[in-house]
Amino acid sequence: MKYFEPDSAKTQLGLAYGPSALTYLENHPEGLDYIEVPFEQLRHTPEVASMQKLIPMILHCASVSVAGTVSPTPATLQAIAQAAEHMRTPWIGEHLAFVSAEPLDRGDKDAAPTSLTYTMCPQLSEAAVDQVVRNLAVARTYLGSTPLLLENSPQYFAIPGSTMPMSEFIAAVMAQCDANLLLDLSHFLITCINTGVNPRDEIHKIPLHRVVEIHMSGVSQQSGIAWDDHAAPAPPIVFELLEQVLAKVRPQALTVEYNWSATFPQPILHQHLQRVRTLLEAA
Amino acid sequence: MNLHRLHAVLAAGVEQPQLLEQWDRQPGLLSQLGVDPSGLDLAALRKFAGLTVKVRHNPLREQMPLSFRLMSIASIEIDMFADYAMFRSKRQLRYATSAAARAGDLLDFLADWIDPAKREQLLLWDVIRYEDAIARLGPWLEQTPEAVDNSVTACPRLRGTVLLHELQSDPRALADMLYTSAPDLSRVPLQPQHLCFWRAPESDQAAVLTLDELGFYLLSMLDGQRSVSALTQCLGGGRDARNAVSRGLRAFSKLGIVILPDRIRRH
């Protein structure tokens, strides 16, 4: 088995698990340092773990519902801990978001929580920050010493009751917990576009010194809103933001997430990885 | 605004988009749930539900790359999937687990959703049926491929599995356009196409044949029950029709799609 060994002098480059990543790995076995695998994928198809014979893996997750008001079951947290241990992942990346919520009908005691299939941006408020701190404390009891990185969520619309912008929310969470940051530059850009702020200025409001990993993916603009799009290549401004971030911090890993489409063009994937590697080497 | 109640409302709206329409009609319902209706962008939440359903359909991309690329270029993915999410939510329909069934459900929805007056939607309706047919006769084929049966019967019959689609454009021409640096959908010619998707018993993939109108209708009528005379009658009768049917059937037989009765083969 191959394991991810953090190197403080070098940012390692990886791809998010998906059919296009597997094709790339087959064609360029030396071109990647690791593959980032979702816990949910491992739970559904445990045989994916055997890929670690070829390449180190990092565990990503969308099941902890860190910013949610409904905790995952102990069985889920135990399964995440077990996967992390087997993989010897250097950390677990988790969305600063929620995937489950209380049922709508408060009167129905038998009603199950609402489970989402996609993580959702929480209310950006002090109450949500406090909730994150509480949830992390619970998660910590299961996950042991494996660090959690929190990934900034894309914000698609104004969340009622919010009292602060996303950058402030991230900073507040970072100030009150020991988790570090997984900065998704595309999520960050989406939030900036949808909330009308300049990403080149806003990036400096993020606690960049806490960034351990970076994500990059595509962004599409449809129906008046910017959307996360892992089937599209990252736009030029994401590379520009990356340069700005690299001028301030040396993350340990950078994951390119072009994992929604089995037919993502391999030449573009290769070109973008080369471009990122060049930026990392120049930083 | 209470965090618990807000998250409950947001999650319920995404998972059951029909609630969004109810809340839009009766904002008081949202107030009862503890959320100020003036602060919640229901239209954006509806679109977000569309994003989540779009992501659920990622497994279809492998067999439908052109359809998804077209939707992306035409910027209609989010609106289409938001409408689809609403459609299924109102009918309390779950999403199918297999890619083939999920594609089938999506095509059933699109059959009513597509507005043929909108060029990008017309092209989508063509290309998605094209890719669906190829997938259904290839990786999504559920039945065990039948044993090769070349036995002659009294009536002409199909050999292998055939799907027929009448399109308004040629998805092969669209494919070329979609992978240019600046795709211009207005330059994809609109011209009726009669396409036959055929998987021969000895093959593991579909061949795509462009037919003329006569060939298209002739193949569509081959059920192994209709005789050559009956087929001729269906196409208007008379000597010209009979000759055309015979010629067409012989041409299909030569390609291997049709097994002819002995009497016709000898001619």
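Named according to an unreviewed UniProt entry, chain B is DUF2063 domain-containing protein originating from Dyella tabacisoli.

Named according to an unreviewed UniProt entry, chain A is DUF692 family protein originating from Dyella tabacisoli.

Asker: Before we move on, could you go through the sheet that holds strand β4 (residues 92-95) of chain A and cite the residues and values that matter?
Answerer: Residues and elements named next belong to chain A. On the basis of which strands lie adjacent, the closed barrel formed by eight strands has the order β1-β2-β3-β4-β7-β8-β9-β12 and parallel pairing. Taking each pair of neighbouring strands and ignoring which way they run, the sheet shows an average axis angle of 30°. Its contacts with the sheet put helix α8 (residues 236-246) on β8 (180-184), β9 (211-216) and β12 (253-256), and the angle it makes with β9 is roughly 170°.

Asker: Tell me about the packing of helix α6 (residues 185-195) of chain A against α8 of chain A, and name the residues and values.
Answerer: All names here are of chain A. Look at α6 against α8: their axes get within 10 Å of each other, and the N-to-C directions meet at 110°. In terms of axis orientation, α6 runs roughly perpendicular to α8. Taken as a pair, α6 and α8 cross one another with a handedness that is right-handed. Of the residues in α8, those in contact with Leu185, Ser186, Phe188 and Leu189 of α6 are Ile237, Val238, Leu241, Leu242 and Val245.

Asker: Which residues make up the nonpolar core, and what values do they have?
Answerer: As a rule of thumb, nonpolar side chains are buried together in soluble globular proteins. Ranked by internal contacts, the top residues of the largest apolar core, which has 115 residues, are Ile35, Leu150, Phe169, Leu185 and Met216 of chain A. Setting aside its immediate chain neighbours within four residues, leucine 150 of chain A contacts Val66, Glu94, Leu96, Val132, Leu136, Val173, Met174, Cys177, Ala179, Asn180, Leu181 and Leu182 of chain A. The next biggest cluster of nonpolar side chains, apart from the first, holds 35 residues, and it includes Ala74, Ala103, Leu107 and Ala175 of chain B.

Asker: Provide a residue-level description of the side chain of threonine 119 of chain A, including the pertinent values.
Answerer: Looking at the element boundaries, threonine 119 of chain A is found in strand β6 (residues 114-120). For threonine 119 of chain A, a relative accessible area of 14% gives the class buried.

Asker: Describe the sheet that holds strand β2 (residues 161-169) of chain B, with residues and values.
Answerer: Residues and elements named next belong to chain B. Spatially, three strands are ordered β2-β3-β4 in an open sheet, and the strand pairing comes out antiparallel. If you trace the sheet from one side to the other, it starts and ends with β2 and β4 (207-211), each paired once. Strand-to-strand twist of the sheet, defined as the mean angle between neighbouring strand axes without regard to direction, takes the value 30°. Sheet topology places strand β3 (residues 190-199) next to β4; five bridges connect them, and they run antiparallel. Within the sheet, the bridge partner assigned to phenylalanine 197 lies in β4 and is valine 208.

Here is what the cut-offs are and how they apply
Residues numbered from 1 in each chain as written. Chains lettered and ligands numbered in written order. Predicted model: local features only at pLDDT ≥ 70, side-chain atom pairs only at ≥ 80, totals over all residues. Heavy atoms only, no water. Pairing = 2+ DSSP bridges. Helix = DSSP H or I, 4+ residues; strand = E, 2+ residues; numbered from the N terminus. Axes fitted to C-alpha atoms, helices over the stretch in contact; angles between N-to-C directions. Contact = heavy atoms within 4.5 Å. Parallel < 35°, antiparallel > 145°, perpendicular 65-115°, else oblique. Left-handed = near helix turned anticlockwise from the far one by under 90°. Core = buried A, V, L, I, M, F, W, Y, C linked by side-chain atoms within 4.5 Å. Buried < 20%, exposed > 50% of the residue type's maximum accessible area, 1.4 Å probe, protein only.

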